[in-house]
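Fold and contact review
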Amino acid sequence: MGVGGGGGLIPMAMMVADEGTLKEPLDLVRLSLDEVIYVRMRGNRELRGKLHAYDQHLNIILGDVEETNLVKDPSGEEGGRGEAVKRKFEFLFVRGDGVILISPPLRGNV
(Lines give C-alpha, C1' and ligand atoms only; values in the text may rest on other atoms or scores of the structure.)
Protein backbone atom coordinates (compact mmCIF):
# COMPACT_ATOMS: atom_id res chain seq x y z
CA MET A 1 0.00 0.00 0.00
CA GLY A 2 1.01 3.63 -0.32
CA VAL A 3 2.02 6.29 2.14
CA GLY A 4 -1.46 6.83 3.56
CA GLY A 5 -2.51 3.17 3.54
CA GLY A 6 -0.30 1.57 6.15
CA GLY A 7 1.89 -0.57 3.90
CA GLY A 8 5.66 -0.88 3.66
CA LEU A 9 8.39 1.50 2.55
CA ILE A 10 7.74 3.43 -0.66
CA PRO A 11 10.41 3.02 -3.37
CA MET A 12 11.01 5.83 -5.84
CA ALA A 13 9.60 3.85 -8.77
CA MET A 14 6.13 3.91 -7.19
CA MET A 15 6.12 7.70 -6.84
CA VAL A 16 5.49 8.90 -10.38
CA ALA A 17 1.98 10.39 -10.20
CA ASP A 18 1.63 14.13 -9.50
CA GLU A 19 5.40 14.71 -9.26
CA GLY A 20 5.23 18.42 -8.43
CA THR A 21 2.17 18.70 -6.18
CA LEU A 22 2.11 19.22 -2.42
CA LYS A 23 -1.18 18.21 -0.80
CA GLU A 24 0.03 16.51 2.40
CA PRO A 25 3.14 16.95 4.57
CA LEU A 26 4.61 13.65 3.38
CA ASP A 27 4.45 14.93 -0.21
CA LEU A 28 7.51 17.04 0.58
CA VAL A 29 9.34 13.86 1.57
CA ARG A 30 8.08 12.14 -1.60
CA LEU A 31 9.50 14.93 -3.74
CA SER A 32 12.87 14.42 -2.03
CA LEU A 33 13.23 10.78 -3.09
CA ASP A 34 16.62 10.08 -4.63
CA GLU A 35 17.91 13.44 -3.27
CA VAL A 36 20.29 14.20 -0.40
CA ILE A 37 18.31 15.26 2.68
CA TYR A 38 19.13 16.44 6.20
CA VAL A 39 17.56 14.56 9.15
CA ARG A 40 17.68 15.82 12.74
CA MET A 41 17.33 13.01 15.28
CA ARG A 42 16.77 12.72 19.00
CA GLY A 43 19.93 12.61 21.08
CA ASN A 44 21.77 15.39 19.20
CA ARG A 45 22.29 13.28 16.06
CA GLU A 46 22.20 14.68 12.55
CA LEU A 47 22.13 12.66 9.34
CA ARG A 48 22.79 13.68 5.76
CA GLY A 49 22.18 11.14 3.02
CA LYS A 50 20.35 10.15 -0.13
CA LEU A 51 16.70 9.25 0.53
CA HIS A 52 15.90 5.85 -0.98
CA ALA A 53 12.57 5.00 0.71
CA TYR A 54 10.21 6.02 3.52
CA ASP A 55 6.83 5.14 5.02
CA GLN A 56 4.02 6.94 6.85
CA HIS A 57 5.85 6.52 10.19
CA LEU A 58 8.92 8.32 8.76
CA ASN A 59 10.96 5.14 8.85
CA ILE A 60 13.51 5.97 6.19
CA ILE A 61 16.31 4.31 4.27
CA LEU A 62 19.29 6.54 3.50
CA GLY A 63 22.33 5.82 1.35
CA ASP A 64 25.82 7.37 1.48
CA VAL A 65 25.06 8.66 4.98
CA GLU A 66 27.14 10.97 7.15
CA GLU A 67 26.12 10.95 10.81
CA THR A 68 27.17 13.79 13.10
CA ASN A 69 26.79 13.16 16.82
CA LEU A 70 27.05 16.38 18.83
CA VAL A 71 28.78 15.49 22.10
CA LYS A 72 28.30 17.99 24.93
CA ASP A 73 31.22 20.02 26.23
CA PRO A 74 32.81 17.96 29.04
CA SER A 75 33.36 21.12 31.13
CA GLY A 76 29.59 21.58 31.37
CA GLU A 77 29.82 25.32 30.69
CA GLU A 78 26.80 27.11 29.23
CA GLY A 79 27.38 28.01 25.61
CA GLY A 80 30.11 25.38 25.26
CA ARG A 81 29.80 23.79 21.83
CA GLY A 82 31.32 20.43 22.59
CA GLU A 83 32.62 18.13 19.89
CA ALA A 84 31.12 16.79 16.67
CA VAL A 85 31.84 13.08 16.12
CA LYS A 86 31.28 11.98 12.50
CA ARG A 87 30.71 8.53 11.02
CA LYS A 88 29.84 7.30 7.52
CA PHE A 89 27.54 4.49 6.44
CA GLU A 90 26.81 3.02 3.02
CA PHE A 91 23.14 2.40 3.97
CA LEU A 92 21.17 3.18 7.09
CA PHE A 93 17.64 2.31 8.22
CA VAL A 94 16.30 5.10 10.45
CA ARG A 95 13.36 4.38 12.73
CA GLY A 96 10.76 7.12 12.42
CA ASP A 97 10.09 7.66 16.13
CA GLY A 98 13.57 9.18 16.51
CA VAL A 99 13.11 11.71 13.69
CA ILE A 100 12.61 15.32 14.76
CA LEU A 101 13.03 17.12 11.43
CA ILE A 102 13.54 16.32 7.76
CA SER A 103 14.86 19.04 5.48
CA PRO A 104 14.60 18.54 1.73
CA PRO A 105 17.31 19.74 -0.63
CA LEU A 106 17.24 23.41 -1.60
CA ARG A 107 15.35 23.99 -4.85
CA GLY A 108 15.63 27.01 -7.11
CA ASN A 109 17.09 30.35 -6.04
CA VAL A 110 17.06 31.08 -2.32
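Look up a bit, the structure's there.
A word on the pairing of strand S4 (residues 60–71). Where strand S3 (residues 45–54) and S4 come together, eight bridges link them in antiparallel fashion. What sits directly across from Arg 48, in S4, is Glu 66. Counting the residues between successive antiparallel strands, the hairpin from S3 to S4 contains five residues, one of them, Leu 58, with a positive phi of roughly 65°. With 11 bridges connecting them, S4 and strand S5 (residues 83–94) associate as antiparallel partners. What sits directly across from Thr 68, in S5, is Lys 86.

If you check the backbone angles, Asn 44 has positive phi at about 60° while not being a glycine. Here Asn 44 lies in the loop between strand S2 (36–41) and S3. In this structure, Asp 64 takes a positive phi of about 50° despite not being glycine. With respect to the helices and strands, Asp 64 occurs in strand S4.

Here the structure, examined in full by the defined rule, presents eight salt bridges. Two residues, Arg 30 and Asp 27, come together in a salt bridge whose shortest N-O distance is 3.7 Å. Taken as a pair, Arg 30 and Asp 27 lie in helix H1 (residues 25–30) at a separation of three residues, close to a single helical turn. The class for Asp 27 is buried, based on a relative accessible area of 13%. Of the charged contacts in the structure, one is a salt bridge between Arg 95 and Asp 97, with a shortest N-O distance of 3.3 Å. In this structure Asp 97 comes out as partly exposed when scored by relative accessible area, which is 44%. Overlapping salt bridges bring together Arg 45, Glu 67 and Arg 87 as one network.

Thresholds applied
- Residues numbered from 1 in each chain as written.
- Predicted model: local features only at pLDDT ≥ 70, side-chain atom pairs only at ≥ 80, totals over all residues.
- Heavy atoms only, no water.
- Pairing = 2+ DSSP bridges.
- Helix = DSSP H or I, 4+ residues; strand = E, 2+ residues; numbered from the N terminus.
- Salt bridge = Lys/Arg side-chain N within 4 Å of Asp/Glu carboxyl O.
- Buried < 20%, exposed > 50% of the residue type's maximum accessible area, 1.4 Å probe, protein only.

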